[in-house]
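# Close look at the chain arrangement
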Amino acid sequence: MKKVKIYTDGACSGNPGNGGWGAILVYKQNEKEICGSEEKTTNNRMELTAVIKALSLLKESCTVDLTTDSKYVCDAVNNGWVYSWKKNGWKKSDKKPALNVDLWEQLLPLLERHNVNFIWVKGHSGHHYNERCDRMAVREYLKLK
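Given the structure is predicted, the values throughout are model-derived calculations rather than measurements.

## A short note on the packing of aromatic side chains
Aromatic rings in a pair are described by how distant their centres are and how their planes are angled relative to each other. One pass over the full model with this rule turns up three aromatic pairs. Measuring from ring centre to ring centre gives 5.8 Å for Trp-85 and Trp-104, while their planes differ by 75°; the resulting arrangement is edge-to-face. Separated by 19 residues along the polypeptide, Trp-85 in helix α3 (residues 81–87) and Trp-104 in helix α4 (residues 101–113) bring together distant segments of the chain. Its relative accessible area of 0% is what places Trp-104 among the buried residues. One aromatic cluster is present, formed by Tyr-72, Trp-85 and Trp-104 through successive ring pairs. The residue whose ring lies beneath Lys-71 is Trp-120, and the NZ or CZ to ring-centre distance is 4.8 Å.

What follows is the structure, given as structure tokens:
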């Protein structure tokens, strides 16, 4: 399997509000930047969208180190919460509905296809790729103003 590194971030002006996302895919010496925006969205939706869009670009099954500053995304996958939510009819352990089900349903097949290792990094802490993704995400939502 090819080894790919992916860096993602999402941003929102207001929560909900205009949002943007950015991702950088790194394979060997090659980098590809992708980004986009949505109106009336949330930060968590933008974080998930960045991950989905980046993984969707991979044309074959890959081993992926995916770095994000989203505890929501990392913890939901790494702690197995998203799998429990799905098994329980998209209900959390407190019986409240899980949020962003439409996006989680897009992400789960991608996680089956690829061997993804989610790595959390503190946001705005000087991590080169995280800072680049943040700038892309902010630039994207600013275009909506």
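## Digging into the pattern of salt bridges
Tallying each qualifying case throughout the model produces six salt bridges. Note that Glu-60 is salt-bridged to Lys-2, the shortest N-O span being 3.5 Å. Highlighted residues: Glu-60 in the loop between α1 (43–56) and β4 (62–68) and Lys-2 in strand β1 (residues 2–14), separated in sequence by 58 residues. With a closest N to O distance of 3.8 Å, Lys-71 and Asp-75 form a salt bridge. Placement of the pair is Lys-71 and Asp-75 together in helix α2 (residues 71–78), with a separation of four residues, close to one helical turn.

## A word on the environment of Leu-111
Here Leu-111 lies in helix α4. With 56 residues separating them along the chain, Leu-111 and Leu-55 place their C-alpha atoms 8.5 Å apart. Residues within four places of Leu-111 in sequence aside, it is in contact with Leu-55, Val-77, Tyr-83, Val-116 and Phe-118.

Here is what the cut-offs are and how they apply
- Residues numbered from 1 in each chain as written.
- Predicted model: local features only at pLDDT ≥ 70, side-chain atom pairs only at ≥ 80, totals over all residues.
- Heavy atoms only, no water.
- Phe/Tyr/Trp six-rings, centres within 6.5 Å; stacked < 30°, edge-to-face > 60°.
- Helix = DSSP H or I, 4+ residues; strand = E, 2+ residues; numbered from the N terminus.
- Buried < 20%, exposed > 50% of the residue type's maximum accessible area, 1.4 Å probe, protein only.
- Lys NZ or Arg CZ within 6 Å of the ring centre and 35° of its normal.
- Salt bridge = Lys/Arg side-chain N within 4 Å of Asp/Glu carboxyl O.
- Contact = heavy atoms within 4.5 Å.

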